[in-house]
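This is what each chain is made of:
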Amino acid sequence: MDGQTIITTHDVDELFISTVVRLIQRRAFPNLRNIIAKTHSADIARWFPRLRTEEKNNLSTLLIEEKRMGEVLSELNSTEINEFVAETEAEVVANVLRTMEADDVTRILSDLPEEKKMNYLLSLKEKILKA
């Protein structure tokens with residue numbers, strides 16, 4: 001390969017993850033917002049399994065503020081989704097679910113315990129009726 005370096009998706013993810021962690025640690029949220037605005041939701045979702053809980057919470061908060069959490073949530077695996085639901089206020093989760101496509105909401109709710117699923121369905125119904 002003539003001494004050329006091949007950059008993989010993994011390498012790019014590593015660079016973004018280290019940058020995101022550094023920005024969170026420095027509380028440089030405007031800079032992190034810029035990165036979020038320019039990054040596809042599927043790429044952001046790939047970061048989540050590699051972040052610590054506090055970093056995930058900070059990133060989730062920014063994604064919620066930027067109205068992007070629904071897009072990212074639809075790209076996460078069941079474990080990450082369940083973590084988000086467990087660590088986030090029910091009202092916030094319901095608001096995020098409301099921004100999502102029906103098939104994504106159905107998939108997310110299907111993985112939740114029955115009681116939580118019913119609570120979110122009721123909350124979504126109330127919000128729809130108020131709209």
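Residues numbered from 1 in each chain as written. Predicted model: local features only at pLDDT ≥ 70, side-chain atom pairs only at ≥ 80, totals over all residues. Heavy atoms only, no water.

Student: Describe the overall build of the protein chain, and please don't skip the residues or the numbers.
Tutor: Tallying secondary structure elements over the protein chain gives nine helices and zero strands in all. Put simply, the protein chain runs from its N terminus to its C terminus through helices and strands in the order α-α-α-α-α-α-α-α-α. Projected onto the principal axes, the alpha-carbon positions of the protein chain cover approximately 60 × 30 × 25 Å. Counting every position in the protein chain, which comprises 131 residues, the buried fraction comes to 40%. A fraction of 66% describes how many contacts in the protein chain between residues 6 or more apart in sequence connect residues 24 or more apart. Computed over 18 positive and 23 negative side-chain charges, the separation of the two mean positions in the protein chain equals 5 Å. (Helix = DSSP H or I, 4+ residues; strand = E, 2+ residues; numbered from the N terminus. Buried < 20%, exposed > 50% of the residue type's maximum accessible area, 1.4 Å probe, protein only. Contact = heavy atoms within 4.5 Å. Lys, Arg positive; Asp, Glu negative; His and termini not counted. Charge placed at Lys NZ, Arg CZ, Asp CG, Glu CD.)

Student: Explain the packing of helix α1 (residues 9-25) against helix α2 (residues 29-38) to me, using residue names and the numbers behind them.
Tutor: The geometry of α1 relative to α2 is characterised by a closest axis approach of 8 Å and an angle of 150° between their N-to-C directions. Considered as vectors, α1 and α2 are oriented roughly antiparallel to each other. Classified by chirality, the crossing of α2 by α1 is left-handed. For the pair α1 and α2, the contacting residues are Phe16, Thr19, Val20, Leu23 and Ile24 in the first and Phe29, Asn31, Leu32 and Ile35 in the second. The class makeup of the residues in the contact of α1 with α2 is seven nonpolar, two polar and no charged. (Axes fitted to C-alpha atoms, helices over the stretch in contact; angles between N-to-C directions. Parallel < 35°, antiparallel > 145°, perpendicular 65-115°, else oblique. Left-handed = near helix turned anticlockwise from the far one by under 90°. Nonpolar A, V, L, I, M, F, W, Y, C, P; charged D, E, K, R; others polar.)

Student: Explain unusual backbone geometry to me, using residue names and the numbers behind them.
Tutor: You will see that Arg27, though not glycine, has its phi angle at about 60°, which is positive. By the element assignment, Arg27 lies in the loop between α1 and α2. Residue Arg27 is classed as exposed on the basis of its relative accessible area, which comes to 52%. Even without glycine at this site, Lys67 takes up a positive phi of about 60°. Looking at the secondary structure, you find Lys67 in the loop between α4 (53-65) and α5 (69-73).

Student: Please give an account of the nonpolar core that cites residues and values.
Tutor: Leu32, Leu59, Leu73 and Leu97 are the most contacted members of the largest nonpolar core, which totals 36 residues. By residue number, the principal contributor to this core is α1, which donates five residues. Here Leu59 is in contact with Ile24, Leu32, Ile36, Ile44, Trp47, Phe48 and Leu51, once residues within four sequence places are set aside. (Core = buried A, V, L, I, M, F, W, Y, C linked by side-chain atoms within 4.5 Å.)

Student: Outline the packing of α2 against α4, listing residues and values.
Tutor: The geometry of α2 relative to α4 is characterised by a closest axis approach of 11 Å and an angle of 65° between their N-to-C directions. With respect to each other, α2 and α4 are oriented roughly perpendicular. Of the two elements, α2 crosses α4, and the hand of that crossing is right-handed. Residues Phe29, Leu32, Arg33 and Ile36 of α2 lie in contact with α4, whose contacting residues are Asn58, Leu59, Leu62, Leu63 and Glu65. Of the residues belonging to the contact of α2 with α4, the class tally is six nonpolar, one polar and two charged.

Student: Describe in detail the pattern of salt bridges, supporting the description with residues and values.
Tutor: A complete count under the given rule lists ten salt bridges for this structure. Between Glu14 and Arg50 there is a salt bridge, and its shortest N-O distance comes to 1.8 Å. Taken as a pair, Glu14 in helix α1 and Arg50 in the loop between α3 (41-47) and α4 lie far apart in primary sequence, 36 residues in all. For Arg46, the salt bridge goes to Asp43, with nearest N and O atoms at 2.9 Å. Of the two residues, Arg46 and Asp43 are both situated in helix α3; the distance of three residues between them amounts to about one turn of the helix. Among the charged side chains, a salt-bridge network with shared partners connects Asp13, Asp43 and Arg46. (Salt bridge = Lys/Arg side-chain N within 4 Å of Asp/Glu carboxyl O.)

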